[in-house]
Amino acid sequence: MRIDKDRLKYLVKDKLQKAGLQSEHAEVTADVLAYADLRGIHSHGAMRTEYYAERIAKGGINVQPKTSFEQTGPSTAIYDGDNGAGHYMAKEAMKEAIAMAKEQGAAIVGVKNISHSGALSYFVDQAVKEQMIGISVCQSDPMVVPFGGTEPYYGTNPIAFGAPGEKGKSMIFDMATTVQAWGKILHARSKNEAIPDNWAVDSNGEPTTDPFKVNALLPISGPKGYGLMMMVDVLSDILLGLPFGKNVTSMYEDMTAYRKLGQLHIVINPAFFTNVETFLQSITQTMNDLNQIKPAPGFEHVLYPGQPNEIQQQAYEKDGIELVDDIYDYLVADTIHRNAYDQKNPFAE
Ligand code: NAI
């Protein structure tokens, strides 16, 4: 079915409030989820609502958090979310980082003790809208083998980067550091289809094409993606004194416990490095240069990073967001949640 962004946001907010989240936190969470759907990032859109509703209802997200913000140096700070709604906390922390970068030229804000914060592009987009570069990384629960290993150690540890161009245009890159998201394995299972042999490994650490034998995901490009995951783990967990590596809390194990997750925002103000107008023009120039490169066989155009999401956004703004019927049915039903996630293994089976 098709749904307008505002209506989707309204339904998600309503469900989260009924689960127990306060209005302001539900509003921001719904905004981040609707933003993700609008940009075609359905893995982190409204489909997550029921999971959040269950965790809120069972006490695994603090609905009365006492947050704190402490500036620890001229351009460094810690935002403690007291285990409240991750989307809200990550957004607030980014606001602080932007304010600091306006004054100091750059800011690094560690966000600690939050729940899952969804699609990271939302937060770098906050910085981009202020004509600054935004970078955000966060930890996630262990489901990826280190290069050459047989057991999961790191999470899908995502990285987002955004740079502003002219006239509100931007390049926003946002990715998990795994070849594919876990959702794609579930999708292959539901269709009883084989998966490519570079997505995941079985319990011996051998690449598998059988989605039912998957024991862990693979990092992008072998040791290189593995290195990026390590970097995200250091920046968003170890640097903030949080559980790291295989000790990061699982998304599905105990829905009554706080997740104590970490995230790191970095904001760079171009005005402290170069002429801002020149910077914005050069970003626009790069975007145009990339679009003008002759496409390889099988490609219609060369797109700049994030452009597929922009194209999707324009189409959804015109025709409505494509939403799976089951998700809509849940959003409009009286049910808060169906005990679908509690006490599951990391892969929610
Ligand atoms: P993806 O594989 O769909 O896209 C990755 C990036 O590649 C995007 O920036 C996209 O615009 C760009 N891209 C794709 N095709 C392109 C093309 N033809 N030309 C130019 N650029 C192109 O993203 P992925 O890895 O599936 O991640 C989805 C979301 O999951 C992200 O928003 C990420 O932040 C989120 N995530 C969040 C986690 C959390 O714990 N909060 C954990 C893992 C992922």
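Residues numbered from 1 in each chain as written. Predicted model: local features only at pLDDT ≥ 70, side-chain atom pairs only at ≥ 80, totals over all residues. Heavy atoms only, no water.

Within an unreviewed UniProt entry, the label attached to the protein chain reads Ureidoglycolate dehydrogenase, and the organism entered is Tigheibacillus halophilus. What the UniProt record of the protein chain gives under Sequence similarities (unreviewed entry) is the line "Belongs to the LDH2/MDH2 oxidoreductase family." (UniProt positions renumbered as here; feature names shortened; annotations may be inferred.)

**Topic: the pairing of strand β3 (residues 76–84)**
When a strand is regular, its side chains alternate between the sheet's two faces. Here 5 bridges tie strand β2 (residues 68–73) to β3, and the two strands are oriented antiparallel to one another. In the strand pairing of β3, F69 is matched with Y79. Where β2 hands over to β3, the hairpin turn is made up of 2 residues, counted between the paired strands. Bridge analysis of β3 against strand β4 (residues 106–114) gives 6 bridges, and the strand direction is parallel. Bridge pairing links G84 to I114 in β4. In this fold, the crossover linking β3 to β4 by way of helix α4 (residues 86–104) has right-handed handedness. (Pairing = 2+ DSSP bridges. Helix = DSSP H or I, 4+ residues; strand = E, 2+ residues; numbered from the N terminus. Right-handed = clockwise from strand over helix to strand, strands pointing away.)

**A look at the packing of aromatic side chains**
Per the counting criterion, the structure on display carries 8 aromatic pairs. Measuring from centroid to centroid gives 5.4 Å for Y51 and Y52, while their planes differ by 55°, and the two rings are tilted. Relative accessible area serves as the criterion here: at 2%, Y51 is assigned to the buried category. Residue class for Y52 comes out buried when judged on its relative accessible area of 3%. Ring geometry for Y51 against Y252: centres 5.6 Å apart, planes inclined by 75°, an arrangement best described as edge-to-face. Taken as a pair, Y51 in helix α3 (residues 49–57) and Y252 in the loop between α7 (223–236) and β10 (261–268) lie far apart in primary sequence, 201 residues in all. Of the two residues examined, Y51 and Y252, each falls in the buried class. These aromatic residues form a ring-pair network of at least three members: Y51, Y52, Y252 and Y341. Its guanidinium or amino end placed over the ring of Y330, K15 lies 4.4 Å from that ring's centre, counting from NZ or CZ. (Phe/Tyr/Trp six-rings, centres within 6.5 Å; stacked < 30°, edge-to-face > 60°. Buried < 20%, exposed > 50% of the residue type's maximum accessible area, 1.4 Å probe, protein only. Lys NZ or Arg CZ within 6 Å of the ring centre and 35° of its normal.)

**A closer look at the pattern of salt bridges**
Tallying each qualifying case throughout the model produces 15 salt bridges. R338 is the partner of E50 in a salt bridge, and the nearest nitrogen-oxygen pair spans 2.5 Å. With a gap of 288 residues between them, E50 in helix α3 and R338 in the segment after α10 (325–332) connect regions that are remote in the sequence. Since its relative accessible area comes to 7%, E50 is described here as buried. Between K95 and E92 there is a salt bridge; the shortest N-O distance is 2.9 Å. With K95 and E92 both in helix α4 and 3 residues apart, this pair spans about one turn of that helix. Here K95 falls in the partly exposed class, since its relative accessible area comes to 44%. Through salt bridges with shared partners, a single ionic network connects K5, K9, K13, E27 and D31. (Salt bridge = Lys/Arg side-chain N within 4 Å of Asp/Glu carboxyl O.)

**Considering α10**
Listed in full, the buried residues belonging to α10 are I327, Y330 and L331. Each buried residue of α10 sits inside an arc of 100° when the element is viewed along its axis, so together they form one side. The elements touched by buried residues of α10 are α1 (5–19) and α3. (Arc of directions from axis to C-beta. Contact = heavy atoms within 4.5 Å.)

**Things to note about a nonpolar patch on the surface**
Judged by side-chain polarity, M230, M231, V234, I238 and F244 come together as a nonpolar surface patch covering roughly 390 Å² of accessible area. Inspection of the secondary structure assignment puts F244 in the loop between α7 and β10. For F244, a relative accessible area of 36% translates into the label partly exposed. (Patch = residues over 30% accessible without salt bridge, like charges linked within 9 Å, V, L, I, M, F, W, Y side chains within 5 Å. Areas by Shrake-Rupley, 256 points an atom, 1.4 Å probe, with all protein chains shown as cover.)

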